[in-house]
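# Summary of structural features
For reference, the chains in residue letters:
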Amino acid sequence: MTRPSSYSKEDLIACGEGRLFGPGNAQLPLREMLMMDRITRIASEGGTYGKGVIEAELDIHPDLWFFGVHFQGDPVMPGCLGLDAMWQLVGFYLGWMGGLGRGRALGVGEVKFTGQVLPTAKLVQYRIDLKRVINSRLVMGIGDGAMLVDGREIYTAKDLRVGLFTSTEGF
C-alpha cells in the first residue's frame, strides 16, 4: 500500500472528522486545537533512529485564538500547545502506519522550553523522530520531538508516548 508522504490542511481536517483512517481510529483535533496547517513529510524510515520521521508546520498570525487570552498585554503561544502538537503528530503517525484505535497521549520523558512563539513570528515547524513503533495487540509510538519558530529550535521533548486503543472504556 502506498501512503502519501505529505498532507494538506484539508487532509488534516478529514483526519479530525474521522474520514482519513476510518471511524474509531486515529483522529486529529479540529478547529483551534489542530496545531498544524500541513504535514510536510512523513516516512516509515529515516529520522535520527531510522524508525521513521514526521514533520509539520503551523503558520503564525497575530489573530490566532491563544494570543488573545494568553496573556493580556503579553501575548505568547502556550507551551502546552506545542507539546500537544508533538503528541498529535505521533498519533497521526500511528494511524498512517495502519494502527487501529483512538489515540491517547501517554506521557513524555523530558520537555525543555528555550524560547517562545510571539504574534510577530511567521512559522512554527515540528519534527518527530520515531524511536520505537509497536503495531501489534499494543499500538504505541515513542519519539523525540523538536519545535522551531522561524528556524530557531525553542522546544524539545524526549520520549513522547502515544497509544491507540480500540476501547477507551477503562482509560
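Look up: the structure comes first, before these words.
Quick summary incoming for the structure in this document. Bear in mind that the values here come from a model prediction, so they are computed numbers and not experimental data.

### Observations concerning the overall build of the chain
Assigned secondary structure in the chain consists of two helices and seven strands. Mapped in sequence order, the helices and strands of the chain form the string α-β-β-α-β-β-β-β-β. Counting only C-alpha atoms and orienting by the principal axes, one finds that the chain spans roughly 50 × 35 × 30 Å. The buried share of the chain, taken over its 171 residues, is 44%. If you take every contact in the chain between residues at least 6 apart in sequence, the share linking residues at least 24 apart comes to 68%. Per element, the accessible surface of the chain, about 8,700 Å² overall, is 51% carbon and sulfur. Side chains of the chain carry 18 positive and 19 negative charges; the gap between the two charge centres is 7 Å.

### Description of helix α2 (residues 79-96)
Along its 18 residues, α2 runs 26 Å from first to last C-alpha, staying within 8% of the 26 Å computed at 1.5 Å per residue. Burial of α2 is extensive: 15 of the 18 residues sit out of reach of the surface. Remark: G98 follows α2 within two positions and exhibits a positive phi of approximately 100 degrees.

### So, the pairing of strand β6 (residues 139-149)
Counting buried positions along β6 yields 10 of 11 residues, so the element is predominantly enclosed. Where strand β5 (residues 123-135) and β6 come together, 11 bridges link them in antiparallel fashion. By the bridge assignment for β6, V133 is matched with G141. As consecutive antiparallel partners, β5 and β6 are separated by three residues.

### Section: the pattern of salt bridges
Enumeration over the complete set of coordinates arrives at 10 salt bridges. The salt bridge involving R38 is made with D59; its shortest N-O contact spans 2.5 Å. You can see R38 sitting in strand β1 (residues 38-43) and its partner D59 sitting in strand β2 (residues 53-59), a full 21 residues away along the chain. Because the salt bridges share partners, they merge into one network encompassing R41, E55, R127 and D129.

### A short note on the nonpolar core
Ranked by internal contacts, the top residues of the largest apolar core, which has 45 residues, are I39, M77, F92, V117, Y126 and M147. If you list the elements that add at least two residues to this core, you get α1 (9-16), β1, β2, α2, β5, β6 and β7 (152-165). Apart from the residues within four sequence positions on either side, F92 is in contact with Y7, L12, C15, L20, F21, L28, I39, I42 and I54.

Conventions adopted
Residues numbered from 1 in each chain as written. Predicted model: local features only at pLDDT ≥ 70, side-chain atom pairs only at ≥ 80, totals over all residues. Heavy atoms only, no water. Helix = DSSP H or I, 4+ residues; strand = E, 2+ residues; numbered from the N terminus. Buried < 20%, exposed > 50% of the residue type's maximum accessible area, 1.4 Å probe, protein only. Contact = heavy atoms within 4.5 Å. Areas by Shrake-Rupley, 256 points an atom, 1.4 Å probe, with all protein chains shown as cover. Lys, Arg positive; Asp, Glu negative; His and termini not counted. Charge placed at Lys NZ, Arg CZ, Asp CG, Glu CD. Expected span 1.5 Å × (residues − 1). Pairing = 2+ DSSP bridges. Salt bridge = Lys/Arg side-chain N within 4 Å of Asp/Glu carboxyl O. Core = buried A, V, L, I, M, F, W, Y, C linked by side-chain atoms within 4.5 Å.

Keep in mind these values describe shape, not function.
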